[in-house]
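One-letter residues, chain by chain:
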Amino acid sequence: QILKYEKGQHYHTHHDYFEPTQYSKSVRTLEMTEYGASNRLATVFWYLSTVSEGGETNFPRAGGAPRPTRSDKCYTGLKVKPVKGRVMIFYDMLPNGHTDEYSLHAGCDVECEDCIKWSANKWLWNKDQGGRGWTGDEDDRRKDSHAWPTEQEIAAMRSSGQLPGSDKDEL
């Protein structure tokens, strides 16, 4: 998935794994995750642009820190600055198959006026998804969160070399 964040946009703290108790009313999500048996094992996250102010990925529970009291601000923990070409991988599950509470993370506000944070992610699952996928629920498309890029924006990024795999790719 490709993500686009402009000034003031962010993504609240969240886990990339699915906690079955949180999706107890979503039959589609429960079936997709086999009622908790199938889940996201790890996340691969690419920065496709450099942002001079803000836009970090925040891990507020890094080092065993307690759960933050606010989900909308990046005020504690480890922050990874968005630098074009930087890739990070983090686990969403522990080796014993339990979900990892310390994988809590957020996309911090982009703070510079003319900056756009472009990024991409790929989730690695503990079981083959067999063509099943999760496209999100309406709650995931909050107005104060990131904006999905249009087909025209993606095409422009490819032609300008901003997306990996384009002719002008320098990553």
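Everything here concerns the structure above.
Quick caveat, the model's predicted, so the values are computed rather than measured. (Residues numbered from 1 in each chain as written. Predicted model: local features only at pLDDT ≥ 70, side-chain atom pairs only at ≥ 80, totals over all residues. Heavy atoms only, no water.)

## Notes on the sheet that holds strand β6 (residues 87-91)
Turning to step 1, where the next piece is worked out: Taken in spatial order, the four strands make up an open sheet running β1-β8-β3-β6, and their pairing is antiparallel. Every other strand in the sheet has two partners, leaving β1 (2-5) and β6 as the edge strands with one partner each. Adjacent strand axes in the sheet meet at a mean angle of 25°, parallel and antiparallel pairs treated alike. (Pairing = 2+ DSSP bridges. Helix = DSSP H or I, 4+ residues; strand = E, 2+ residues; numbered from the N terminus. Axes fitted to C-alpha atoms, helices over the stretch in contact; angles between N-to-C directions.)

## Focus on the pattern of salt bridges
Oppositely charged side chains can pair when the atoms bearing their charge come close.
Turning to step 1, where the next piece is worked out: Applying the stated criterion across every chain yields a total of seven salt bridges.
Turning to step 2, where the next piece is worked out: Among the ionic pairs, E101 bridges to R67, the shortest N-O distance being 3.8 Å. Here E101 is found in the loop between β6 and β7 (105-107), whereas its partner R67 is found in the loop between β4 (57-59) and β5 (78-80), with 34 residues between them in sequence.
Turning to step 3, where the next piece is worked out: For E101, a relative accessible area of 35% puts it in the partly exposed group.
Turning to step 4, where the next piece is worked out: Note on R67: relative accessible area 49%, which makes it partly exposed. (Salt bridge = Lys/Arg side-chain N within 4 Å of Asp/Glu carboxyl O. Buried < 20%, exposed > 50% of the residue type's maximum accessible area, 1.4 Å probe, protein only.)

## Examining unusual backbone geometry
Turning to step 1, where the next piece is worked out: The phi torsion at E34 lies on the positive side, around 50°, for a residue other than glycine.
Turning to step 2, where the next piece is worked out: Topologically, E34 is positioned in the loop between α1 (27-32) and β3 (40-47).
Turning to step 3, where the next piece is worked out: Of note, Y35 is a non-glycine position whose phi angle comes to about 55°, a positive value.
Turning to step 4, where the next piece is worked out: For Y35, a relative accessible area of 55% puts it in the exposed group.

## Focus: the state of the cysteines
Turning to step 1, where the next piece is worked out: Tallying each qualifying case throughout the model produces two disulfides.
Turning to step 2, where the next piece is worked out: Note that C74 is cross-linked by a disulfide to C108, the S-S spacing being 2.1 Å. Where C74 bonds to C108 through sulfur, the torsion about that S-S bond is close to -110°, and the disulfide is left-handed. Here C74, found in the loop between β4 and β5, pairs with C108, found in the loop between β7 and β8 (117-125); they are 34 residues apart in sequence, far enough to count as distant. For the pair formed by C74 and C108, the shared burial category is buried.
Turning to step 3, where the next piece is worked out: In this model C112 forms its disulfide with C115; the gap between the sulfur atoms is 1.8 Å. Its S-S torsion of approximately -120° makes the covalent link between C112 and C115 left-handed.
Turning to step 4, where the next piece is worked out: For C112, a relative accessible area of 7% gives the class buried.
Turning to step 5, where the next piece is worked out: In the protein, numbering the disulfide-bonded cysteines from first to last in sequence yields the connectivity 1-2, 3-4. (Disulfide = S-S within 2.5 Å.)

## Focus: the packing of aromatic side chains
Turning to step 1, where the next piece is worked out: Enumeration according to the criterion identifies four aromatic pairs in this entry.
Turning to step 2, where the next piece is worked out: On the basis of an interplanar angle of 25° and a centroid distance of 6.0 Å, the ring pair of F18 and W125 is categorised as stacked. Here F18, found in the loop between β2 (11-14) and α1, pairs with W125, found in strand β8; they are 107 residues apart in sequence, far enough to count as distant.
Turning to step 3, where the next piece is worked out: With relative accessibility at 2%, the residue F18 sits in the buried group.
Turning to step 4, where the next piece is worked out: Considering the side-chain rings of F45 and Y47, the 5.4 Å spacing of their centres and the 80° angle between planes classify their relative orientation as edge-to-face. (Phe/Tyr/Trp six-rings, centres within 6.5 Å; stacked < 30°, edge-to-face > 60°.)

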